[in-house]
Each structure stands twice: as C-alpha cells, then as structure tokens.
Amino acid sequence: MGEKRTYTKKELGGYLVGMFGQNMIYNIVSTGLYFYFQNVICLPAMALGWIMTIARIWDAVNDPMMGTIVDKTRTKWGKCRPYLIFFPVIIGIVTILAFLNGNYAEATTQTQKVLIVAWAAISYIAWGMCFTVCDIPLWGITSLMTEDENDRSKILGLARMAAGVAGVSVLIVQVAQALSAAFDGDMQKAFIVTAIIFTVVATVFFEFAGVCTRERVESSEKHYGFKENFQIMFRNKPFRQILISGILRSPIQLLMICAMTLVTYYYADGNIMNILMYDEAGNFAGINVRILIGLGCIAIGLFVGQFVAMGVTPALTRKFEKKTLYNFYSIAGAVPFALIYVFYKVSGGDLTTTFWSIVIGVCMFLASFSFGGINVLQSVMIADCVDYEEYTNGVRTDGVFFSGQSFITKLSAGIATIISSAVYSIVGYSGANVDTLNKALADGASFITYDGGTGAGKYAAAMFFLISIPPAIGMLLSAIPTLKYALTDKEHERILGELVEMRKEKNTEISADADAKAE
C-alpha cells in the first residue's frame with residue numbers, strides 16, 4: 001500500500017486553535033446570546049422560538065447550498081481554506097451586532113418592541129448564514145488534510161476536545177454578571193462589552209485554521225450541482241442514517257440551551273455574584289458554600305464529562321466497531337438524562353444540598369459523556385461516508401456531507417429552542433414575567449420557591465424537565481436508524497486502502513505525462 005500523506009504537527013496545532021476559536025463564537029451565541037435574549041432584554045418566549053424556527057428553516061437550504069459551493073471551489077489555497085482565511089472576521093462582526101439591541105422589557109411602544117424583535121431575528125439569521133460559510137469548510141478540511149484513517153480519527157477526536165474546551169466561553173454569562181457592577185448594575189451594557197471582548201479573542205484564534213493548514217487530498221474533478229448534491233446526501237445510505245439519527249437526537253441541545261439559565265437561577269438566584277456574601281454593613285463576609293458546591297458539581301459534570309469522552313472515544317474506536325459505540329452511547333446515555341428529573345421530584349424540588357448537588361453532578365457527567373462521545377463518532381462516521389461516496393461514484397463531496405453535520409447541529413438547536421419556548425410559554429417564563437422575576441430575586445426572593453402567579457417552583461420544574469425527559473427520549477430514538485448501520489469499519493478500511501492506491505496511481509500518471517511533455 002502506498003505511503004499516506006498527512007498533516008504536520010504545526011498544521012494540527014493551527015487547526016485545533018482555529019477550532020477552539022470557532023467554537024468560542026458558537027457558544028457565545030448559542031448560550032450567551034440565548035441567555036441575553038431571554039433573561040436580559042426579555043424577548044417573549046414564543047417570539048424567540050419563532051426566530052429560531054425561521055433561522056433553522058433557512059439553514060435547511062443554506063447548509064447544503066454552502067456545501068455545494070465549497071465542493072465547487074478551486075483556488076491556489078484549496079477548496080476549504082479560502083473560507084477559513086477570509087470569513088472569521090465577518091462572523092466576529094455579525095456576532096457583536098447581534099448583541100447591539102434594545103431592551104424589550106423597557107420598550108414603551110409597540111413599534112419599539114417590533115423593532116427589537118426584528119433586529120434579534122435579522123441579526124441571528126445573518127449570523128447563522130455567516131457561521132455556515134466557515135463551519136462546513138472547518139470540518140470538511142479534516143478529510144483533505146490526511147489520507148490516513150487513524151490520523152483522521154485523531155484530528156477529529158482532538159477537534160471535538162478543542163470544541164469542548166471552548167465551552168469556557170459560556171462563562172460569558174457569569175463574566176457579564178460580574179462586570180455589571182462597573183456599569184451600576186446595567187446588565188445589558190455589561191453583556192455587550194463582554195461579548196465584544198470574547199468575540200475579538202475568539203476571532204483571532206479562529207483565523208489560525210485558515211492560515212496554518214494545508215489540503216493534501218486532491219478534490220475530485222467531477223462535481224455536482226445543488227439539486228444533485230441533495231440527491232447524493234439521501235442516496236448515500238450510511239450518511240442518511242447518521243442524518244436521521246442526529247435529527248431525532250435534537251432535544252439533547254436543550255442541555256446546553258437551558259443549563260446556563262438553570263444553574264444561574266436555580267443555584268445562584270439569577271446572578272452568579274450571589275456567591276459572594278456581605279454583612280449588613282456591606283463588608284465581605286465570605287463565600288456562599290451552597291452556591292459554590294451546586295455550581296461546581298454541575299459545571300464539572302457538564303463540561304468534564306464531554307471532555308473525557310472526546311479524549312477516550314478515538315481510542316475506543318480502535319477496539320470496538322464505531323456503530324456499536326455510537327448506539328451504546330445513545331441508549332445508555334438516556335438513563336442519566338431521565339434520572340435528573342426523577343431525582344428532582346424525589347428531592348421535593350430542592351437539589352441544592354451537598355448530597356443532591358453531587359448526585360446531579362454525576363448524572364450530568366454521565367449524560368454529557370455520552371453526548372461528547374456521540375459528537376466525536378458522528379464526525380468520524382461522516383468522514384467515512386465521504387470516502388464511501390468517492391469510492392462508489394468517483395466524487396468527493398466533503399463540503400456537502402459536512403454541511404449535513406452543520407445542518408444537524410443547527411436544526412437540533414432550533415427544534416430544542418421550539419420545545420423550550422413552548423414549555424416556557426405554558427409556565428409563563430416569558431417577556432415581562434422574566435423582568436418581574438429578576439426584580440424579585442434582586443429583592444431577596446428564592447427562585448426555588450418563586451411563585452410569580454404560576455405556582456411555587458414551576459419555573460424550576462420546567463427547566464429540570466427540559467434538560468431531562470426530552471433529551472432522554474431523543475437519545476433512545478436516535479439509535480433506531482443506526483442499529484443496522486450500512487458501513488462497517490472493515491468495509492471502510494478496504495475502501496480507504498483502494499482509494500489511496502488509486503490516488504497514488506493517478507499522481508504517478510500525472511508525473512509521467514509532465515516528464516514526457518518536458519522531453
């Protein structure tokens with residue numbers, strides 16, 4: 001078998017730094033902007049739901065369209081790198097603009113309210129379009145950087161780890177709350193300043209992905225149009241199975257969408273700075289241990305679980321079939337998700353004691369471990385589908401297939417947002433009620449027992465339900481399409497070996513023709 005071309009350590013490092021930056025921006029929006037829309041400028045829950053719905057419907061067209069454009073791109077940098085070089089700055093600018101909005105709770109006229117909702121909708125949809133321009137090439141370039149299957153699994157596993165570490169940017173919520181003191185308690189100004197700082201840093205990191213990488217696997221000369229690529233996506237059986245599985249798993253995104261609001265309100269009564277205690281004279285009196293333990297257990301469980309899974313899953317794929325691991329994570333992962341709500345009910349609604357905080361932290365660890373493992377396997381299996389398509393039909397559709405991954409992520413977030421918006425509307429956690437809640441908590445009310453006219457603790461119950469029952473159901477459903485996955489590891493290894501030989505023979509013929517012409 002011919003020598004397989006692969007990336008250097010410098011290219012790997014540059015790619016991972018870029019992946020870290022890109023996912024910082026993703027988390028700034030998916031967690032920070034969502035929290036900002038819902039709890040700072042207090043958009044109505046259903047308005048927020050419709051914004052996400054419209055954005056996801058457009059993405060259903062935009063993602064495959066961008067994948068087609070990427071696959072047709074031919075430049076001296078390759079087909080993926082141009083987008084990674086020139087678009088991060090544009091994404092950074094649009095990200096910041098999304099935060100520069102009015103406050104719905106303070107709007108005095110219907111026109112002002114409409115304009116605030118319209119700006120939120122337009123800026124969010126524009127962000128999604130710009131993000132897609134880079135997201136598809138960022139993942140697609142992994143199959144162009146190396147011909148070696150182990151190196152590909154390695155870079156995708158490390159990429160997921162880099163993405164997991166970038167989850168630190170969800171702390172935009174806590175940093176903004178801490179910074180609000182410098183703006184006399186004006187949370188909106190604090191969020192805007194924090195978003196600008198976080199986004200500028202993330203954009204600089206993102207640029208490394210384009211500047212430092214190289215494409216080593218040649219793109220196929222044959223390519224298809226937009227309509228044909230849609231047909232290819234659904235004709236490729238293993239890819240179709242992954243796509244359907246990912247869509248069925250959509251409620252899993254509720255964990256990331258709702259977790260920050262839940263921990264901030266349930267454990268810290270709406271402001272992370274409540275972890276600091278002061279006496280009646282205003283002197284610092286120590287740390288609130290209850291809040292510290294609660295936040296610590298949830299944070300460790302939520303982020304460390306994913307990080308560990310991203311580290312061990314690539315190694316596990318060398319011992320177990322990818323399909324087997326994928327289905328195990330899906331089915332077994334449903335259990336800890338379901339237990340979160342069970343324990344909430346068993347505890348009587350108060351999980352803030354040390355014992356229950358640890359129990360929920362363990363559930364979060366196991367749930368996020370399964371989520372992180374699935375993310376790694378999904379990327380690796382999609383890359384395998386690209387090889388399968390090249391071998392079967394002679395066309396390498398990296399952009400189109402990885403647009404499917406982007407589509408899964410964003411559609412999942414949209415579906416999850418619709419679910420959360422519907423539940424929040426039912427319990428009244430929306431618009432002016434959120435503003436009233438914030439003021440009540442600032443005056444000393446407890447979120448755990450807050451009434452607000454909807455029943456004691458109903459907001460907390462709704463949040464625990466959202467991060468537990470729908471994700472558990474989604475995990476179980478997602479295993480159905482892949483129980484009989486169409487591409488075994490053994491078959492893929494054979495396909496990849498033949499592709500390497502075919503490319504080697506082609507390069508030899510090209511070199512021979514060039515020598516003949518030179519003579």
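Here's a quick rundown of the structure. Note that the coordinates shown come from a computational prediction; the quantities given were computed from them, not determined experimentally.

This part takes up the overall build of the chain. Looking only at helices and strands, the chain has 20 helices and two strands in total. Its C-alpha atoms give the chain a radius of gyration of 24 Å, within 12% of the compact-globule value 24 Å for 519 residues. In terms of overall dimensions, the chain has a C-alpha envelope of 90 × 45 × 40 Å along the principal axes. Across the 519 residues of the chain, 58% fall into the buried class. A separation threshold of at least 6 residues defines the contact pool for the chain, and within that pool the share at least 24 residues apart is 83%. Total accessible area computed for the chain in this model is approximately 20500 Å², and 66% of it derives from carbon and sulfur atoms. Each charge class in the chain can be summarised by its mean position, and for the 40 positive and 41 negative side chains these summaries are 4 Å apart.

Looking at the secondary structure, you find Val-434 in helix H17 (residues 432–442). By relative accessible area, Val-434 is classed as buried at 0%. On a C-alpha basis, the gap between Val-434 and Ala-45 in space is 9.9 Å, while along the polypeptide they are 389 residues apart. When sequence neighbours within four positions are dropped, the list of residues in contact with Val-434 reads Gln-38, Asn-39, Cys-42, Tyr-265 and Tyr-429.

The next subject is the pairing of strand S2 (residues 284–287). Alignment of strand S1 (residues 276–278) against S2, held across three bridges, turns out to be antiparallel. Across the sheet, residue Tyr-278 finds its bridge partner in S2, namely Phe-284. Connecting S1 to the antiparallel partner S2 that follows it, the hairpin turn spans five residues, and Gly-282 within it adopts a positive phi of roughly 90°.

In this section: helix H4 (residues 88–99). For H4, built from twelve residues, the straight-helix expectation of 16 Å at 1.5 Å per residue is met to within 8% by its first-to-last C-alpha distance of 18 Å. Residues Pro-88, Ile-91, Gly-92, Val-94, Thr-95, Ile-96, Ala-98 and Phe-99 constitute the buried set of H4. Where the residues of H4 are buried, they touch helix H1 (9–40), helix H3 (81–86), helix H5 (110–140), helix H7 (172–179) and helix H8 (187–206).

With the rule as written, the count across this model stands at zero disulfides. Here Cys-80 is not cross-linked by a disulfide; its sulfur's nearest cysteine counterpart is in Cys-134, at 11 Å. By relative accessible area, which is 1% here, Cys-80 ends up buried. In this structure Cys-212 is a free cysteine whose sulfur lies 15 Å from that of Cys-134, the closest cysteine sulfur available.

Okay, the pattern of salt bridges next. Overall, the coordinates contain six salt bridges when judged by the stated rule. Across the salt bridge formed by Glu-389 and Arg-235, the nearest N and O atoms sit 3.4 Å from each other. Placement of Glu-389 in helix H15 (residues 354–393) and of Arg-235 in helix H10 (residues 226–235) is noted, with a sequence separation of 154 residues between them. Relative accessible area serves as the criterion here: at 2%, Glu-389 is assigned to the buried category. Since its relative accessible area comes to 48%, Arg-235 is described here as partly exposed. Between Asp-489 and Lys-322 there is a salt bridge, with the nearest N and O atoms lying 3.1 Å from each other. Of this pair, Asp-489 sits in helix H20 (residues 489–518) while Lys-322 sits in helix H14 (residues 322–346), and the two are 167 residues apart along the sequence.

Moving on: H5. Here H5 contains 31 residues, and its C-alpha end-to-end distance of 45 Å stays within 8% of the 45 Å for a straight helix at 1.5 Å per residue. Remark: the principal bend of H5, roughly 30°, maps to Thr-132.

Membership of the largest hydrophobic core comes to 151 residues, with the highest contact counts inside it found for Tyr-15 and Tyr-266. Other than its neighbours up to four places away in sequence, Tyr-266 contacts Thr-261, Tyr-344, Gly-349, Asp-350, Leu-351, Thr-352, Phe-447, Ile-448, Ala-460 and Phe-464.

How each quantity is defined
Residues numbered from 1 in each chain as written. Predicted model: local features only at pLDDT ≥ 70, side-chain atom pairs only at ≥ 80, totals over all residues. Heavy atoms only, no water. Helix = DSSP H or I, 4+ residues; strand = E, 2+ residues; numbered from the N terminus. Rg over C-alpha atoms; globule rule 2.2 N^0.38 Å. Buried < 20%, exposed > 50% of the residue type's maximum accessible area, 1.4 Å probe, protein only. Contact = heavy atoms within 4.5 Å. Areas by Shrake-Rupley, 256 points an atom, 1.4 Å probe, with all protein chains shown as cover. Lys, Arg positive; Asp, Glu negative; His and termini not counted. Charge placed at Lys NZ, Arg CZ, Asp CG, Glu CD. Pairing = 2+ DSSP bridges. Expected span 1.5 Å × (residues − 1). Disulfide = S-S within 2.5 Å. Salt bridge = Lys/Arg side-chain N within 4 Å of Asp/Glu carboxyl O. Bend = angle between axes of the 7 residues up to and from the residue. Core = buried A, V, L, I, M, F, W, Y, C linked by side-chain atoms within 4.5 Å.

As far as function goes, none of this settles anything; it's purely spatial.
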